[in-house]
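# Residue-level structural notes
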Amino acid sequence: NVYSRITGTGSYLPEKVLSNQDLEKMVETSDQWIQERTGIRKRHIAEAEQTTCDLAEQAARRALEAAGKTPEDLDLIIVATTTPDKIFPSTACLLQQRLGNHGCPAFDIQAVCTGFVYAMDVANKFIRTGAARTALVVGAETLSRIVDWTDRGTCILFGDGSGAVVLEASEEPGILSTHLHADGAYEELLHVPGGVSRGFEVAVETGADPRFMQMKGNEVFKMAVNTLGRIVDETLAANQMKKSDIDWLVPHQANIRIIKATARKLSMDMDNVVVTVHEHGNTSAASVPLALDTAVRDGRIKRGETLLLEAFGGGFTWGSILLKY
Ligand code: ACO
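Residues numbered from 1 in each chain as written. Predicted model: local features only at pLDDT ≥ 70, side-chain atom pairs only at ≥ 80, totals over all residues.

### Focus: the site of the ligand
Where we set the bar: Think of it this way: take the backbone, place a C-beta atom on it, and check whether that atom is within 6 Å of the molecule or strand, in which case the residue is near it. Put simply, DSSP H or I for four residues or longer makes a helix, DSSP E for two residues or longer makes a strand, and each gets a number counted from the N terminus.
Contacts to the ligand come from 22 residues, most closely from Thr29, Cys113, Gly217, Ala254 and Gly313. Of all elements in the fold, only helix H2 (31-38), helix H6 (152-155) and helix H7 (217-238) reach the threshold of two or more residues within the shell around the ligand.

Put into C-alpha coordinates, the structure is as follows:
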(Lines give C-alpha, C1' and ligand atoms only; values in the text may rest on other atoms or scores of the structure.)
Protein backbone atom coordinates (compact mmCIF):
# COMPACT_ATOMS: atom_id res chain seq x y z
CA ASN A 1 0.00 0.00 0.00
CA VAL A 2 1.51 3.32 -1.06
CA TYR A 3 0.83 6.39 1.07
CA SER A 4 1.80 10.01 0.52
CA ARG A 5 3.74 11.34 3.43
CA ILE A 6 4.86 14.87 4.29
CA THR A 7 8.67 14.84 4.39
CA GLY A 8 9.28 18.58 4.58
CA THR A 9 7.45 21.84 5.23
CA GLY A 10 8.30 25.48 4.60
CA SER A 11 6.68 28.88 4.74
CA TYR A 12 7.38 32.55 4.14
CA LEU A 13 5.89 35.91 5.07
CA PRO A 14 6.94 39.16 3.36
CA GLU A 15 8.87 41.56 5.60
CA LYS A 16 6.49 44.49 5.38
CA VAL A 17 3.93 44.44 8.21
CA LEU A 18 0.58 46.22 8.30
CA SER A 19 -0.68 46.42 11.89
CA ASN A 20 -4.19 47.08 13.14
CA GLN A 21 -2.91 50.50 14.22
CA ASP A 22 -1.83 51.18 10.63
CA LEU A 23 -5.34 50.23 9.46
CA GLU A 24 -6.89 52.66 11.97
CA LYS A 25 -5.32 55.42 9.86
CA MET A 26 -6.72 54.02 6.60
CA VAL A 27 -10.36 53.14 7.42
CA GLU A 28 -12.88 53.69 10.24
CA THR A 29 -11.90 50.80 12.50
CA SER A 30 -10.06 50.02 15.72
CA ASP A 31 -7.46 47.54 16.92
CA GLN A 32 -9.95 46.40 19.57
CA TRP A 33 -12.75 45.74 17.03
CA ILE A 34 -10.43 43.78 14.72
CA GLN A 35 -8.97 41.68 17.55
CA GLU A 36 -12.36 40.92 19.11
CA ARG A 37 -14.08 39.99 15.86
CA THR A 38 -11.20 38.22 14.08
CA GLY A 39 -8.21 37.63 16.39
CA ILE A 40 -5.95 39.33 13.83
CA ARG A 41 -3.20 41.70 15.05
CA LYS A 42 -1.20 42.21 11.88
CA ARG A 43 -0.76 41.04 8.33
CA HIS A 44 2.24 40.94 5.99
CA ILE A 45 2.14 42.72 2.64
CA ALA A 46 4.32 41.94 -0.38
CA GLU A 47 6.44 44.75 -1.81
CA ALA A 48 5.20 46.16 -5.13
CA GLU A 49 7.80 44.18 -7.09
CA GLN A 50 7.26 40.98 -5.08
CA THR A 51 4.93 38.48 -6.79
CA THR A 52 3.14 35.31 -5.74
CA CYS A 53 5.91 33.28 -7.43
CA ASP A 54 8.53 35.07 -5.31
CA LEU A 55 6.67 34.09 -2.15
CA ALA A 56 6.09 30.55 -3.43
CA GLU A 57 9.81 30.12 -4.17
CA GLN A 58 10.83 30.99 -0.60
CA ALA A 59 8.41 28.49 0.94
CA ALA A 60 9.27 25.82 -1.66
CA ARG A 61 13.04 26.06 -1.06
CA ARG A 62 12.51 25.77 2.70
CA ALA A 63 10.26 22.72 2.29
CA LEU A 64 12.76 21.06 -0.11
CA GLU A 65 15.60 21.68 2.33
CA ALA A 66 13.60 20.23 5.22
CA ALA A 67 12.85 17.14 3.12
CA GLY A 68 16.47 16.80 1.98
CA LYS A 69 15.41 17.00 -1.65
CA THR A 70 16.59 19.03 -4.63
CA PRO A 71 14.32 20.51 -7.32
CA GLU A 72 15.49 17.80 -9.75
CA ASP A 73 13.96 15.17 -7.46
CA LEU A 74 10.47 16.58 -8.04
CA ASP A 75 8.14 14.81 -10.41
CA LEU A 76 5.10 17.01 -9.72
CA ILE A 77 4.63 20.70 -8.84
CA ILE A 78 1.23 22.09 -7.84
CA VAL A 79 0.63 25.67 -6.76
CA ALA A 80 -2.66 26.68 -5.16
CA THR A 81 -3.30 30.38 -5.74
CA THR A 82 -6.02 32.88 -6.58
CA THR A 83 -3.51 35.62 -7.28
CA PRO A 84 -1.22 34.25 -10.04
CA ASP A 85 1.65 36.36 -11.41
CA LYS A 86 0.37 36.14 -14.97
CA ILE A 87 -2.74 34.92 -16.79
CA PHE A 88 -0.38 32.30 -18.14
CA PRO A 89 1.98 30.47 -17.75
CA SER A 90 0.70 29.11 -14.47
CA THR A 91 2.51 30.14 -11.31
CA ALA A 92 3.55 26.48 -10.96
CA CYS A 93 5.40 26.71 -14.31
CA LEU A 94 7.01 29.99 -13.26
CA LEU A 95 8.08 28.35 -10.00
CA GLN A 96 9.42 25.33 -11.87
CA GLN A 97 11.60 27.66 -13.97
CA ARG A 98 12.87 29.42 -10.81
CA LEU A 99 13.74 26.13 -9.17
CA GLY A 100 15.43 24.84 -12.31
CA ASN A 101 13.35 21.70 -12.70
CA HIS A 102 12.72 20.71 -16.31
CA GLY A 103 10.04 18.34 -17.45
CA CYS A 104 7.82 17.36 -14.55
CA PRO A 105 4.11 18.27 -14.75
CA ALA A 106 3.32 21.64 -13.15
CA PHE A 107 -0.05 23.32 -12.78
CA ASP A 108 -2.10 25.66 -10.62
CA ILE A 109 -5.22 24.93 -8.63
CA GLN A 110 -7.80 27.58 -7.92
CA ALA A 111 -10.10 26.90 -5.00
CA VAL A 112 -9.47 30.16 -3.14
CA CYS A 113 -8.93 29.49 0.60
CA THR A 114 -9.41 25.73 0.12
CA GLY A 115 -6.76 25.71 -2.62
CA PHE A 116 -4.03 24.05 -0.59
CA VAL A 117 -6.33 21.27 0.62
CA TYR A 118 -7.45 20.68 -2.98
CA ALA A 119 -3.82 20.65 -4.17
CA MET A 120 -2.76 18.18 -1.47
CA ASP A 121 -5.59 15.87 -2.46
CA VAL A 122 -4.59 15.97 -6.14
CA ALA A 123 -0.92 15.34 -5.32
CA ASN A 124 -1.95 12.50 -3.02
CA LYS A 125 -3.84 10.88 -5.89
CA PHE A 126 -0.85 11.23 -8.25
CA ILE A 127 1.33 9.51 -5.65
CA ARG A 128 -1.11 6.74 -4.76
CA THR A 129 -1.62 5.83 -8.41
CA GLY A 130 2.15 5.75 -9.00
CA ALA A 131 2.11 8.75 -11.36
CA ALA A 132 4.47 10.65 -9.05
CA ARG A 133 6.83 9.82 -6.19
CA THR A 134 7.96 13.24 -4.98
CA ALA A 135 5.58 16.19 -5.19
CA LEU A 136 5.90 19.83 -4.23
CA VAL A 137 2.61 21.37 -3.11
CA VAL A 138 2.55 25.12 -2.51
CA GLY A 139 -0.10 27.59 -1.37
CA ALA A 140 0.94 31.16 -2.17
CA GLU A 141 -0.95 34.44 -2.39
CA THR A 142 -0.55 38.16 -2.86
CA LEU A 143 -4.11 38.73 -1.73
CA SER A 144 -3.34 42.39 -0.96
CA ARG A 145 -3.62 42.96 -4.74
CA ILE A 146 -7.32 42.06 -4.82
CA VAL A 147 -8.29 43.77 -1.57
CA ASP A 148 -10.19 47.07 -1.63
CA TRP A 149 -8.19 49.05 0.92
CA THR A 150 -11.10 51.44 1.43
CA ASP A 151 -13.53 48.64 2.46
CA ARG A 152 -13.25 48.08 6.20
CA GLY A 153 -15.43 44.97 5.97
CA THR A 154 -12.70 43.11 4.08
CA CYS A 155 -9.36 44.96 4.20
CA ILE A 156 -8.76 44.17 7.86
CA LEU A 157 -8.90 40.42 7.18
CA PHE A 158 -6.37 39.57 4.50
CA GLY A 159 -2.62 39.33 4.00
CA ASP A 160 0.13 37.87 1.80
CA GLY A 161 2.25 34.77 2.38
CA SER A 162 3.16 31.27 1.29
CA GLY A 163 3.54 27.74 2.58
CA ALA A 164 4.68 24.47 1.05
CA VAL A 165 5.09 20.77 1.67
CA VAL A 166 7.05 18.01 -0.01
CA LEU A 167 4.93 14.87 -0.30
CA GLU A 168 6.64 11.55 -0.96
CA ALA A 169 5.52 8.02 -1.68
CA SER A 170 5.94 5.91 1.45
CA GLU A 171 5.10 2.52 2.88
CA GLU A 172 4.40 4.23 6.19
CA PRO A 173 1.03 5.91 6.62
CA GLY A 174 0.81 9.57 5.71
CA ILE A 175 -2.43 10.89 4.25
CA LEU A 176 -5.29 8.70 5.53
CA SER A 177 -8.27 10.35 3.87
CA THR A 178 -9.23 13.45 1.89
CA HIS A 179 -12.62 15.10 1.53
CA LEU A 180 -13.32 17.82 -1.04
CA HIS A 181 -16.55 19.70 -1.70
CA ALA A 182 -17.87 22.71 -3.57
CA ASP A 183 -21.18 24.46 -4.08
CA GLY A 184 -21.11 27.14 -6.75
CA ALA A 185 -24.51 28.48 -5.74
CA TYR A 186 -22.89 30.89 -3.30
CA GLU A 187 -20.93 32.88 -5.89
CA GLU A 188 -22.30 36.26 -4.82
CA LEU A 189 -21.38 35.95 -1.15
CA LEU A 190 -17.66 36.04 -1.80
CA HIS A 191 -16.12 36.97 -5.15
CA VAL A 192 -14.05 39.30 -7.31
CA PRO A 193 -16.61 40.42 -9.92
CA GLY A 194 -14.18 41.26 -12.75
CA GLY A 195 -12.06 38.84 -14.72
CA VAL A 196 -10.31 38.04 -17.95
CA SER A 197 -13.41 36.91 -19.83
CA ARG A 198 -16.02 39.15 -18.25
CA GLY A 199 -13.65 42.08 -18.32
CA PHE A 200 -13.03 44.61 -15.61
CA GLU A 201 -15.70 47.03 -16.81
CA VAL A 202 -18.60 44.82 -15.68
CA ALA A 203 -21.45 46.78 -14.16
CA VAL A 204 -21.43 46.13 -10.46
CA GLU A 205 -24.70 46.95 -8.72
CA THR A 206 -22.98 47.93 -5.52
CA GLY A 207 -20.76 50.35 -7.40
CA ALA A 208 -17.71 48.63 -5.98
CA ASP A 209 -14.54 48.16 -8.01
CA PRO A 210 -14.76 44.93 -10.08
CA ARG A 211 -11.05 44.26 -9.53
CA PHE A 212 -11.50 43.78 -5.80
CA MET A 213 -12.93 41.21 -3.45
CA GLN A 214 -16.50 41.63 -2.28
CA MET A 215 -17.83 39.69 0.65
CA LYS A 216 -20.99 39.40 2.70
CA GLY A 217 -18.92 38.67 5.81
CA ASN A 218 -21.68 37.73 8.19
CA GLU A 219 -23.25 35.16 5.84
CA VAL A 220 -19.84 33.73 4.93
CA PHE A 221 -19.08 33.42 8.62
CA LYS A 222 -22.21 31.36 9.36
CA MET A 223 -21.71 29.12 6.32
CA ALA A 224 -18.05 28.53 7.27
CA VAL A 225 -18.90 27.49 10.84
CA ASN A 226 -21.69 25.11 9.79
CA THR A 227 -19.83 23.61 6.86
CA LEU A 228 -16.60 23.00 8.77
CA GLY A 229 -18.62 21.37 11.54
CA ARG A 230 -20.08 18.95 8.99
CA ILE A 231 -16.74 18.12 7.41
CA VAL A 232 -15.27 17.26 10.80
CA ASP A 233 -18.08 14.71 11.27
CA GLU A 234 -17.61 13.36 7.73
CA THR A 235 -13.85 12.93 8.19
CA LEU A 236 -14.12 11.17 11.55
CA ALA A 237 -16.88 8.85 10.29
CA ALA A 238 -14.94 7.91 7.13
CA ASN A 239 -11.99 6.83 9.28
CA GLN A 240 -14.05 5.32 12.11
CA MET A 241 -12.22 7.63 14.48
CA LYS A 242 -13.19 9.32 17.70
CA LYS A 243 -12.66 13.02 18.32
CA SER A 244 -9.95 12.15 20.84
CA ASP A 245 -7.93 10.33 18.13
CA ILE A 246 -7.00 13.70 16.58
CA ASP A 247 -3.80 15.16 18.05
CA TRP A 248 -3.81 18.46 16.14
CA LEU A 249 -6.29 20.60 14.29
CA VAL A 250 -4.53 22.64 11.60
CA PRO A 251 -7.33 24.89 10.34
CA HIS A 252 -7.56 27.51 7.64
CA GLN A 253 -6.60 30.75 9.37
CA ALA A 254 -9.46 33.10 8.54
CA ASN A 255 -10.92 34.17 11.86
CA ILE A 256 -10.27 32.98 15.43
CA ARG A 257 -14.02 32.68 16.06
CA ILE A 258 -14.44 30.25 13.15
CA ILE A 259 -11.41 28.27 14.38
CA LYS A 260 -12.78 28.10 17.94
CA ALA A 261 -16.15 26.89 16.66
CA THR A 262 -14.46 23.99 14.81
CA ALA A 263 -12.37 23.16 17.89
CA ARG A 264 -15.57 23.03 20.00
CA LYS A 265 -17.09 20.70 17.45
CA LEU A 266 -14.09 18.40 18.01
CA SER A 267 -14.32 18.88 21.81
CA MET A 268 -10.69 19.91 21.43
CA ASP A 269 -8.67 22.07 23.78
CA MET A 270 -7.29 25.18 22.04
CA ASP A 271 -3.80 23.96 23.08
CA ASN A 272 -4.17 21.33 20.34
CA VAL A 273 -5.22 23.80 17.66
CA VAL A 274 -2.55 25.52 15.58
CA VAL A 275 -3.38 29.22 15.48
CA THR A 276 -1.32 31.70 13.47
CA VAL A 277 -4.10 34.01 12.26
CA HIS A 278 -3.05 36.76 14.72
CA GLU A 279 0.33 36.94 12.97
CA HIS A 280 -0.76 37.15 9.33
CA GLY A 281 -4.56 37.33 8.91
CA ASN A 282 -6.23 35.34 6.16
CA THR A 283 -3.65 34.40 3.53
CA SER A 284 -6.12 32.21 1.60
CA ALA A 285 -4.39 29.18 0.04
CA ALA A 286 -1.21 29.87 2.04
CA SER A 287 -2.82 29.70 5.45
CA VAL A 288 -2.97 25.95 6.16
CA PRO A 289 0.67 25.26 5.14
CA LEU A 290 1.82 28.40 7.01
CA ALA A 291 0.19 27.11 10.19
CA LEU A 292 1.48 23.57 9.61
CA ASP A 293 5.06 24.71 9.06
CA THR A 294 4.96 26.93 12.14
CA ALA A 295 3.90 24.07 14.43
CA VAL A 296 6.32 21.59 12.83
CA ARG A 297 9.28 23.96 13.20
CA ASP A 298 8.53 24.98 16.79
CA GLY A 299 8.35 21.28 17.71
CA ARG A 300 4.66 21.09 18.64
CA ILE A 301 3.72 18.66 15.85
CA LYS A 302 5.72 15.44 16.06
CA ARG A 303 6.18 12.42 13.81
CA GLY A 304 3.43 9.85 14.14
CA GLU A 305 0.78 12.30 15.35
CA THR A 306 -2.65 12.52 13.72
CA LEU A 307 -3.50 15.85 12.08
CA LEU A 308 -6.77 17.21 10.74
CA LEU A 309 -6.32 19.91 8.11
CA GLU A 310 -9.42 21.82 6.98
CA ALA A 311 -10.39 24.87 4.96
CA PHE A 312 -13.37 26.80 3.65
CA GLY A 313 -13.36 29.49 0.98
CA GLY A 314 -14.80 31.22 -2.05
CA GLY A 315 -16.76 29.08 -4.45
CA PHE A 316 -17.86 28.01 -1.94
CA THR A 317 -15.25 25.30 -1.62
CA TRP A 318 -14.33 23.32 1.46
CA GLY A 319 -12.32 20.27 2.36
CA SER A 320 -10.33 18.32 4.90
CA ILE A 321 -7.32 16.03 5.06
CA LEU A 322 -6.65 13.53 7.80
CA LEU A 323 -3.02 12.43 8.00
CA LYS A 324 -0.35 10.84 10.10
CA TYR A 325 2.55 13.26 10.24
N1 ACO B 1 -14.17 48.04 11.99
C2 ACO B 1 -15.22 48.48 12.73
N3 ACO B 1 -16.48 48.15 12.45
C4 ACO B 1 -16.72 47.37 11.40
C5 ACO B 1 -15.67 46.87 10.60
C6 ACO B 1 -14.35 47.24 10.92
N7 ACO B 1 -13.30 46.81 10.22
N8 ACO B 1 -16.20 46.10 9.63
C9 ACO B 1 -17.52 46.09 9.83
N10 ACO B 1 -17.84 46.86 10.88
C11 ACO B 1 -19.16 47.12 11.47
C12 ACO B 1 -20.28 46.85 10.47
O13 ACO B 1 -20.48 47.97 9.63
C14 ACO B 1 -21.44 46.61 11.40
O15 ACO B 1 -21.94 47.86 11.85
P16 ACO B 1 -23.52 48.10 11.99
O17 ACO B 1 -23.98 47.09 13.02
O18 ACO B 1 -23.58 49.52 12.44
O19 ACO B 1 -24.07 47.85 10.63
C20 ACO B 1 -20.81 45.92 12.60
O21 ACO B 1 -19.42 46.21 12.52
C22 ACO B 1 -21.03 44.41 12.60
O23 ACO B 1 -20.75 43.92 11.29
P24 ACO B 1 -20.84 42.38 10.94
O25 ACO B 1 -20.44 42.22 9.52
O26 ACO B 1 -22.17 41.85 11.38
O27 ACO B 1 -19.71 41.83 11.91
P28 ACO B 1 -19.26 40.35 12.16
O29 ACO B 1 -19.31 40.04 13.60
O30 ACO B 1 -19.93 39.39 11.22
O31 ACO B 1 -17.73 40.42 11.78
C32 ACO B 1 -16.34 39.73 9.95
C33 ACO B 1 -17.35 40.75 10.47
C34 ACO B 1 -15.09 39.82 10.83
C35 ACO B 1 -15.99 40.10 8.53
C36 ACO B 1 -16.94 38.33 10.04
O37 ACO B 1 -18.22 38.33 9.47
C38 ACO B 1 -16.10 37.29 9.36
O39 ACO B 1 -15.00 37.00 9.76
N40 ACO B 1 -16.66 36.64 8.31
C41 ACO B 1 -16.01 35.56 7.62
C42 ACO B 1 -15.05 36.16 6.69
C43 ACO B 1 -14.13 35.16 6.13
O44 ACO B 1 -13.50 34.39 6.85
N45 ACO B 1 -14.00 35.21 4.85
C46 ACO B 1 -13.05 34.47 4.18
C47 ACO B 1 -13.57 33.16 3.75
S48 ACO B 1 -12.30 32.39 2.99
C49 ACO B 1 -11.99 32.95 1.38
O50 ACO B 1 -12.20 32.21 0.48
C51 ACO B 1 -11.46 34.37 1.14
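### Description of the sheet that holds strand S6 (residues 134-141)
The condition is simple: Strand pairing is defined by DSSP finding a minimum of two bridges between the two strands. Between the N-to-C directions of two axes lies an angle of 0 to 180 degrees, each axis being a line fitted to C-alpha atoms and, for a helix, fitted only over the stretch in contact.
If you trace the five strands from one edge of the open sheet to the other, you get S1-S7-S6-S4-S5, paired in mixed fashion. Both edges of this open sheet fall to strand S1 (3-12) and strand S5 (106-109), since each of them pairs with a single strand only. In this sheet, neighbouring strand axes are inclined to one another by 20 degrees on average, regardless of whether the strands run parallel or antiparallel. Of the pairings in the sheet, the one linking strand S4 (residues 76-80) to S6 comprises five bridges and is parallel in character. Within S6, the residue paired with alanine 80 across the bridge is glycine 139.

### Quick notes on the packing of H7 against helix H8 (residues 256-265)
Geometry of a packed helix pair, given as the angle between the helix axes and the separation of the axes. Note the cut-off: By definition in this entry, angles of less than 35 degrees are roughly parallel, angles greater than 145 are roughly antiparallel, angles of 65 to 115 are roughly perpendicular, and the rest are oblique. By the definition used in this description, the sense in which the near helix is turned from the far one sets the handedness, with an anticlockwise turn below a right angle giving left-handed and a clockwise turn giving right-handed. The contact criterion used here is simple: two residues whose C-beta atoms, placed from the backbone, lie within 7 Å are in contact. Lys, Arg, Asp and Glu make up the charged group, whereas Ala, Val, Leu, Ile, Met, Phe, Trp, Tyr, Cys and Pro make up the nonpolar group; the residues left over, Gly among them, are polar.
Here H7 crosses H8 at 30 degrees, and the two axes come no closer than 9 Å. Considering the angle they form, H7 stands roughly parallel to H8. Between H7 and H8 the crossing geometry is right-handed. In this structure, H7 contributes Phe221, Ala224, Val225, Leu228, Gly229 and Val232 to the contact, and H8 contributes Ile258, Ala261, Thr262 and Lys265. Considering only residue class, the contact of H7 with H8 consists of seven nonpolar, two polar and one charged.

### Describing unusual backbone geometry
Basically, it comes down to this: Counting other C-beta atoms within 10 Å of its own, a residue is labelled buried from 20 upward, exposed at 12 or fewer, and partly exposed in the gap between, with every C-beta atom placed from the backbone.
In this structure, proline 89 follows phenylalanine 88 across a cis peptide bond, with omega equal to -5 degrees. Take proline 89: it is sitting in the loop between S4 and helix H4 (91-99). Omega for the peptide link from glycine 315 to phenylalanine 316 comes to -10 degrees, which places this bond in the cis form. Mapping phenylalanine 316 onto the fold places it in the loop between strand S12 (306-313) and strand S13 (317-324). In this structure, serine 267 takes a positive phi of about 50 degrees despite not being glycine. Looking at the element boundaries, serine 267 is found in the loop between H8 and helix H9 (277-280). Overall, serine 267 belongs to the exposed group, with 10 C-beta atoms counted inside 10 Å. Of note, serine 284 is a non-glycine position whose phi angle comes to about 55 degrees, a positive value. With respect to the helices and strands, the residue serine 284 is situated in the loop between H9 and helix H10 (287-297).

### Quick look at the UniProt feature "active site" (unreviewed entry) in the protein chain
The line we're drawing: UniProt positions are given in the numbering used here, feature names are shortened, and annotations may be inferred rather than shown by experiment.
As recorded in UniProt, the feature "active site" (unreviewed entry) lies at Cys113, His252 and Asn282. A maximum C-alpha distance of 8.5 Å is found for the annotated residues, which run over 170 residues; spatially they form one tight group. For histidine 252, the location among the structural elements is in the loop between strand S11 (248-251) and H8. Apart from residues lying up to four places away in sequence, histidine 252 is in contact with Cys113, Ser287, Val288, Glu310, Ala311 and Phe312. Counting through the fold element by element, asparagine 282 comes out in the loop between H9 and H10. By the C-beta count within 10 Å, which is 25 here, asparagine 282 ends up buried. When residues no more than four places from it in sequence are discounted, the contact partners of asparagine 282 are Leu157, Phe158, Gly159, Gln253, Ala254 and Ser287.

### Some thoughts on the nonpolar core
Here is the rule: Each nonpolar core comprises buried Ala, Val, Leu, Ile, Met, Phe, Trp, Tyr and Cys residues, the members being joined through C-beta atoms within 7 Å.
With 95 residues, the main nonpolar core has Ile78, Val137 and Val138 as its most contacted residues. Ranked by residue count, the leading element in this core is helix H3 (residues 52-67), at eight residues. The residues touching valine 138, leaving out its near neighbours within four places in the chain, are Ala56, Ala59, Ala60, Val79, Ala80, Leu95, Ser162 and Ala164.

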